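Residue-level listing of the chains:
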Amino acid sequence: MDLRTFLPSIADAIGSLTPSLIGSAVAQAWKPGLSWRQRFVQWIVGSTVSFYATRAIIELTGWNDFVAQSIAFGIALLAFDATPRLAKAATDALASVPGRLADRFLPKKD
């Protein structure tokens, strides 16, 4: 196996994750009481959400890489704190679907 074929791919991956990782690190600096586990999870969640959200924004808007990296940094700042709230909102919305469908399609009981 020739490492020269993998090195450009590894460098591209690191380069694309850098704004997300920096954003996550800055978000951690604002929260001094985090455990190492919480810091690691925040880094992973922030960078992962930011990476995929940034890719989606680029695809939808066609903005250049500089703008996308700025967006990635901002998303990573907010991702860890926003993720539990988004998950709860999605769960609440999905949990209410059966009741709303029943109210809409099933006859009312008198």
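Every value quoted in this text rests on a predicted model; they were computed, and no experiment measured them. (Residues numbered from 1 in each chain as written. Predicted model: local features only at pLDDT ≥ 70, side-chain atom pairs only at ≥ 80, totals over all residues. Heavy atoms only, no water.)

Q: So, the overall build of the protein: which residues are in play, and what are the values?
A: Broken down by element type, the protein carries three helices and zero strands. In the protein, which comprises 110 residues, the share counted as buried stands at 20%. Look at the contacts in the protein between residues 6 or more apart in sequence, and 56% of them connect residues 24 or more apart. Per element, the accessible surface of the protein, about 8,400 Å² overall, is 70% carbon and sulfur. (Helix = DSSP H or I, 4+ residues; strand = E, 2+ residues; numbered from the N terminus. Buried < 20%, exposed > 50% of the residue type's maximum accessible area, 1.4 Å probe, protein only. Contact = heavy atoms within 4.5 Å. Areas by Shrake-Rupley, 256 points an atom, 1.4 Å probe, with all protein chains shown as cover.)

Q: Describe a nonpolar patch on the surface, naming the residues involved and giving the relevant values.
A: A contiguous nonpolar patch, built from Phe-40, Trp-43 and Ile-44 and spanning about 310 Å² of accessible area, is present on the exposed surface. Following the sequence through the fold, Ile-44 ends up in helix α2 (residues 36-61). What makes Ile-44 partly exposed here is its relative accessible area of 41%. (Patch = residues over 30% accessible without salt bridge, like charges linked within 9 Å, V, L, I, M, F, W, Y side chains within 5 Å. Salt bridge = Lys/Arg side-chain N within 4 Å of Asp/Glu carboxyl O.)

Q: Give a detailed account of α2, specifying residues and quantitative values.
A: The terminal C-alpha atoms of α2, which comprises 26 residues, lie 37 Å apart, in line with the 38 Å expected from a rise of 1.5 Å per residue. Here α2 has its buried residues at Arg-39, Gln-42, Gly-46, Ser-47, Ser-50, Thr-54 and Ile-58. Once α2 ends, the next one or two residues include Gly-62, with phi positive near 75°. (Expected span 1.5 Å × (residues − 1).)

Q: Give me the environment of Leu-78: which residues, what numbers.
A: When you line up the elements, Leu-78 lands in helix α3 (residues 65-105). Separated by 54 residues in the primary sequence, Leu-78 and Ser-24 have C-alpha atoms spaced 8.2 Å apart.

Q: Any details on the environment of Ala-25? Residues and values, ideally.
A: Mapped onto the fold, Ala-25 is located in helix α1 (residues 3-29). Owing to a relative accessible area of 34%, Ala-25 belongs among the partly exposed residues under this scheme. Sequence separation of Ala-25 and Ala-76 is 51 residues, and the distance between their C-alpha atoms is 8.7 Å.

Q: Quick rundown of the confidence of the model for the protein? Include the residues and the values.
A: Chain-level statistics for the protein give a pLDDT mean of 76 and a share of 84% at 70 or above. Per-element confidence in the protein ranges from a low mean pLDDT of 71 for α1 to a high of 80 for α2. (pLDDT = per-residue confidence, 0-100.)

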